[in-house]
Amino acid sequence: MGRLFGTDGIRGIANRDLSIRTASELGLALAELLRAEAPGKRHKVAIGKDTRLSSDMLETALASGLTAGGCDVVLLGVIPTPAVAYLTVETEASAGVMISASHNPYEYNGIKIFGAKGFKLTDEEEDTVERMLLDRDIPLVPVEPAEIGTYTRDEGAAERYIAHLASTVKGSLSGMKVLVDCANGSASVTAERLFRALGAEATILCAEPDGRNVNRDCGSTHVEHLSQKVKEGGYRLAVAFDGDADRCLAVDENGEVVNGDQMIAIFAKEMKKAGRLPDSAAVVTIMSGFGFFRFAKENGIHAETTKVGDRYVLENMIKNGYNIGGEQSGHIIFREFMTTGDGELSAIQLMQVMRDTGLPLSRLASVMPMTPQVLLNVEATHDMKEGLYESPELSEIIRGAEEELGETGRVLIRPSGTEPLIRVMAEGEDEKQITRLAERIAEGIRRYLQ
């Protein structure tokens, strides 16, 4: 069996890759880890979930494992991932767990774990849990009958989280007309109340989850449907979340998509003006476009780069004391307010900048020049991912593409940490050229790694 944890927790197709046995044993392993770290303490673990058909099933299995291991479980219900991180700290829980597969289709699900301080587990902590799950020589031991944990439901969890988000905006967003796409996911239970609390004139879309429609032709992976609606409805902007609402993309008043890089650029520039940008630094990943680095250079901002994954962005931010960072895909972390990426927080902070500057989103986003970028996904098995860097024929195709682009572009090939895919990205000044090169590399992957 391959590694269970990817770049964002455990993820796979529910009832196949991610079974109730895995969820139950994960709960028991987490309980055992908490007992080892603080013997004699009665541990509390908060559990949230998104709207997928399998989330209730996995919640039950996970909670059973935790209570069998002596933990008291607090059920938060359907709620965004960042809410779990926030409420873990707010309720003084020993850990928090989110059941979600983020932007993936409904048949996938996943489990993300937060520590007592609201941060995702480190690689080392995940390795410890993984050894407990995979090494059958390490027994998972339930507690004695008198020590079995309890279940409670926190009915006010969403309201306290919404109140926290609203408190990050100074004043109101009254009169701001915004289109909000909830991806039929977790934001369906929080977004309307949040925007209403801030006085925004919000039209809510895709907030009728049925267990199977999360991310289906909506949300941050399908923002194209918002472009015409924004223009026709006279909205100042649109915002789109993913299934667990930890990422956000925007659409400006002209129907143009504003990605995570552009949003980070907007925030970094305004935070620097306000003296809230330590060392004039922002953290991005290797996927960020050339345009962001040009923006940073022109505006006296240090662009720190990490590997893909908001957890790695956050680790860098904590280590260096930085306040803003994120990914092109829309995971944006405001360390002043939250311990993980938060889509709804990003949306209201963006609207606050628009309100304070009096500028339309298109004007704000223009601070970052855009370079054409093509991203292709190639379906890949575990073996294909493992062999990515071992094929001399594929290496030659990649090298040829890099030589053709020279210093005016780049290619980046990496296995996805959350899906059975290899991602091929090409960036350069000529869109036809980078499309041709990306397709050549994708075909090479299919030919030489099958």
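Scroll up to find the structure this text is about.
Residues numbered from 1 in each chain as written. Predicted model: local features only at pLDDT ≥ 70, side-chain atom pairs only at ≥ 80, totals over all residues. Heavy atoms only, no water.

1. Side note on empty space enclosed by the protein
(1) Moving on: Going through the model one piece at a time under the given rule, you end up with 2 cavities of 30 Å³ or more.
(2) Moving on: One number sums up the size of the largest cavity: a volume of about 50 Å³.
(3) Moving on: Lining the largest cavity, in full, are Phe5, Asp8, Gly9, Lys112, Ile113, Lys120, Leu121, Glu126 and Arg311.
(4) Moving on: Here the lining of the largest cavity is composed, by residue class, of 3 nonpolar, 1 polar and 5 charged.
(5) Moving on: Taken as a whole, the second largest cavity holds about 30 Å³ of empty space.
(6) Moving on: If you go around the second largest cavity, the residues you meet are Lys44, Ala46, Val74, Leu76, Leu87, Thr91 and Asp154.
(7) Moving on: Those elements that provide at least two residues to the lining of the second largest cavity are strand E3 (44–49) and strand E4 (72–78).
(8) Moving on: For the lining of the second largest cavity, the per-class residue count stands at 4 nonpolar, 1 polar and 2 charged. (1 Å grid on protein atoms, 1.4 Å probe; cavity = no way out; pocket = protein on both sides within 12 Å on 5 of 7 lines; lining within 4 Å. Points joined across faces, edges and corners; volume = space filled by probe spheres on them. Nonpolar A, V, L, I, M, F, W, Y, C, P; charged D, E, K, R; others polar. Helix = DSSP H or I, 4+ residues; strand = E, 2+ residues; numbered from the N terminus.)

2. Some remarks on the state of the cysteines
(1) Moving on: Summed over the entire model, instances satisfying the criterion amount to 0 disulfides.
(2) Moving on: With no disulfide of its own, cysteine 206 lies closest to cysteine 218 among cysteine sulfurs, the gap being 4.1 Å.
(3) Moving on: For cysteine 206, a relative accessible area of 24% corresponds to the partly exposed category.
(4) Moving on: Free of any disulfide, cysteine 248 has its nearest neighbouring cysteine sulfur in cysteine 182, separated by 11 Å. (Disulfide = S-S within 2.5 Å. Buried < 20%, exposed > 50% of the residue type's maximum accessible area, 1.4 Å probe, protein only.)

3. Re the pairing of strand E8 (residues 177–181)
(1) Moving on: Of all the 5 residues making up E8, 4 are buried; the element is thus mostly covered by neighbouring parts of the structure.
(2) Moving on: Two elements, E8 and strand E9 (residues 201–205), share 5 bridges in a ladder whose sense is parallel. The residue of E9 that forms the bridge with leucine 179 is threonine 203.
(3) Moving on: As a crossover connection, the stretch from E8 through helix H6 (residues 191–197) into E9 is right-handed. (Pairing = 2+ DSSP bridges. Right-handed = clockwise from strand over helix to strand, strands pointing away.)

4. Comments concerning the environment of aspartate 56
(1) Moving on: Inspection of the secondary structure puts aspartate 56 in helix H2 (residues 55–68).
(2) Moving on: Relative accessible area serves as the criterion here: at 45%, aspartate 56 is assigned to the partly exposed category.
(3) Moving on: Separated by 52 residues in sequence, aspartate 56 and leucine 4 have C-alpha atoms that sit 21 Å apart.
(4) Moving on: Side-chain polar atoms of aspartate 56 contact the side chain of lysine 49, separated by 2.6 Å. (Polar contact = N/O pair within 3.5 Å; in protein donor to acceptor, adjacent residues only side chain to side chain.)

5. Remarks on the nonpolar core
(1) Moving on: If you look at the biggest cluster of nonpolar residues, it comprises 66 residues, and the most contacted ones within it are Phe195, Val239, Phe241, Phe267, Phe292, Ile324 and Ile348.
(2) Moving on: Aside from chain neighbours lying at most four places away, what touches phenylalanine 195 is Val178, Val180, Ala200, Ala202, Val239, Phe241, Ala347, Ile348 and Met351.
(3) Moving on: Leu34, Leu58, Ala95 and Leu121 belong to the second largest nonpolar core, which has 32 residues in total. (Core = buried A, V, L, I, M, F, W, Y, C linked by side-chain atoms within 4.5 Å. Contact = heavy atoms within 4.5 Å.)

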